[in-house]
Amino acid sequence: MPETPGAAPRELDEHAVSATLRRLAKQPAPPWLHEEVARRMAERLQIIKLQPQRIIDWWSFLGAGSALLDAAYPQAERIAVEPGAALVERSRAAGRKPWWSPRRLRGSPVVMEEAQELPGGMQLVWANMMLHAMREPPAVMARWERVLAADGFVMFSCFGPDTLRELRDLYARLGWPAPMAEFVDMHDLGDMLVQAGFADPVMDQETLTLSWADAPALLGELRTLGGNASPARFDGLRTPRWRAVLERELQALAGPDGRLSMRFEIAYGHAFKAAPRMRAGEPTTVSLDDMRALVKSGRRAGA
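Values in this document were obtained by computation on a predicted structure and should not be read as measured data.

Caption draft 1: Up close: the packing of helix α6 (residues 137-147) against helix α8 (residues 186-196). Between α6 and α8, whose axes approach to 9 Å, the crossing angle comes to 45°. As judged from the angle between their axes, α6 and α8 are oblique. Both α6 and α8 take part in a crossing whose hand is right-handed. Between α6, through Pro 137, Pro 138, Met 141, Ala 142 and Glu 145, and α8, the contact on the second element is made entirely by Leu 189, Met 192, Leu 193 and Ala 196. For the contact of α6 with α8, the per-class residue count stands at eight nonpolar, no polar and one charged.

In structure tokens:
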């Protein structure tokens, strides 16, 4: 995809991301944290008056929002977009409803691979906990803007820069390479939305603090959330001795109750696609779907 002007690509190893996604596709269920963030994000749908009839669920399986979207918009057509073949199959399997399900009467959701040409005229792009895995978020946002109708909106969440700050500080103190790639600040994400053609983006963030009984439990859950995609990470595999050092250093961070705690910054964003604007004396092309949406909303193309 072309790079959006003014936004340098993140330092992210896309091959590491792909390997992580193939591993996560084999999990029995989406990560618990993704499910919790999806639930919190779905609560924000209540402030949106538009009732979308066509939805794209970006990175549907790991985003863990399909049931929430089906409950919020039971009559809507939902397209699940997945980043690879393994997750396409997982999404298709998850979308197969039992014979007694009312949703089965409408058939399973359409599942498409992210690399395919996606249909336009959508009214909602839902993207839960996936943008932090993208090397070029502006290019992804520009693609969201292209598939949306003029009255459509995007709603997304992702990790923010303060995520796992305790683990970053520990690695830095030990002189080790970073344990993860850097995440994008929510204010920068808002600027990217405007660059991509969205109007009046609303950004918000919250910090969730999770705790574990011990270091092995912590590391086990972190593995279900992803992997280290920093290009500056350790080369090759680590030894059991290194793992023992890591667990000992982590355990030293335990609180008075003996439990280990880590912060996760979650950034939320939503924005509507800006109405097409015409410059005097210049021809402007507006799609039929966009024109219909503008007529319904009572807006003019140049307003």
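On we go from here.
Caption draft 2: Main features of the confidence of the model for the chain. Chain-level pLDDT for the chain is 89 on average; 84% of the residues reach the 70-or-more range. Taken as a whole, residues 1-6 scores under 50 in pLDDT and shows twelve contacts with residues more than four places along the chain or in a different chain. Note that pLDDT drops below 50 for residues 298-303; the model gives that stretch twelve contacts with residues more than four away or on any other chain.

Caption draft 3: Summary view of the environment of Arg 135. The topology assignment puts Arg 135 in the loop between β4 (122-128) and α6. Other than its neighbours up to four places away in sequence, Arg 135 contacts Pro 9, Arg 10, Leu 12 and Glu 14.

Caption draft 4: Main features of helix α7 (residues 165-173). Within the sequence span of α7, burial applies to Glu 166, Leu 167, Arg 168, Leu 170 and Tyr 171. Elements that come into contact with the buried residues of α7 comprise α9 (215-225), α10 (240-251) and β7 (260-273). Following α7 by one or two positions, Gly 175 adopts a phi angle in the positive range, close to 75°.

Caption draft 5: Geometry of the pattern of salt bridges. Taken as a whole and judged by the stated rule, the model has 16 salt bridges. Taking the shortest distance from any N to any O, the salt bridge between Glu 249 and Arg 173 comes out at 3.2 Å. Taken together, the positions of Glu 249 in helix α10 and Arg 173 in helix α7 put the pair 76 residues apart, joining distant regions of the chain. Because the salt bridges share partners, they merge into one network encompassing Glu 36, Arg 39, Arg 40, Glu 43 and Glu 206.

Caption draft 6: Looking closely at the sheet that holds β7. With mixed pairing, seven strands are arranged side by side in an open sheet as β3-β2-β1-β4-β5-β7-β6. At either margin of the open sheet sits one strand with a lone partner, and together these are β3 (110-113) and β6 (198-212). Ignoring strand direction, the axes of neighbouring strands in this sheet form an average angle of 15°. Here five bridges tie strand β1 (residues 54-58) to strand β2 (residues 77-82), and the two strands are oriented parallel to one another. Bridging from a neighbouring strand, Trp 58 pairs with Val 81 of β2. Docked against the sheet, α8 engages β5 (148-159), β6 and β7, running at close to 150° with respect to β6.

Caption draft 7: Representation of the environment of Ser 230 in the model. Following the sequence through the fold, Ser 230 ends up in the loop between α9 and α10. Residue classification places Ser 230 among the buried positions, given a relative accessible area of 7%. Taking C-alpha positions, Ser 230 is 7.0 Å from Ala 178, a pair spaced 52 residues apart along the chain.

Caption draft 8: Seen up close, the side chain of Glu 114. Assignment of secondary structure puts Glu 114 in the loop between β3 and β4. The side chain of Glu 114 sits in the buried core without any salt bridge; Arg 143 is the nearest counter-charge, 5.1 Å away. Apart from the residues within four sequence positions on either side, Glu 114 is in contact with Trp 58, Trp 59, Val 81, Glu 82, Pro 83, Met 130, Met 134 and Arg 143.

Caption draft 9: A look at the packing of α7 against α10. Their axes nearest at 11 Å, the elements α7 and α10 cross at an angle of 120°. Classified by the angle their axes make, α7 and α10 are oblique. The element α7 and its partner α10 pack so that their crossing is right-handed. On the side of α7, the interface is formed by Leu 167, Leu 170, Tyr 171 and Arg 173, while α10 contributes Trp 242, Leu 246, Glu 249 and Leu 250. A per-class count over the contact of α7 with α10 returns six nonpolar, no polar and two charged.

Caption draft 10: Quick look at unusual backbone geometry. Of note in this structure, Ala 64 is not a glycine but carries a positive phi near 60°. For Ala 64, a relative accessible area of 18% corresponds to the buried category. At Leu 164, a position not held by glycine, the phi torsion is positive, near 55°. With respect to the secondary-structure elements, Leu 164 resides in the loop between β5 and α7.

Analysis parameters
- Residues numbered from 1 in each chain as written.
- Predicted model: local features only at pLDDT ≥ 70, side-chain atom pairs only at ≥ 80, totals over all residues.
- Heavy atoms only, no water.
- Axes fitted to C-alpha atoms, helices over the stretch in contact; angles between N-to-C directions.
- Helix = DSSP H or I, 4+ residues; strand = E, 2+ residues; numbered from the N terminus.
- Parallel < 35°, antiparallel > 145°, perpendicular 65-115°, else oblique.
- Left-handed = near helix turned anticlockwise from the far one by under 90°.
- Contact = heavy atoms within 4.5 Å.
- Nonpolar A, V, L, I, M, F, W, Y, C, P; charged D, E, K, R; others polar.
- pLDDT = per-residue confidence, 0-100.
- Buried < 20%, exposed > 50% of the residue type's maximum accessible area, 1.4 Å probe, protein only.
- Salt bridge = Lys/Arg side-chain N within 4 Å of Asp/Glu carboxyl O.
- Pairing = 2+ DSSP bridges.
- Lys, Arg positive; Asp, Glu negative; His and termini not counted.

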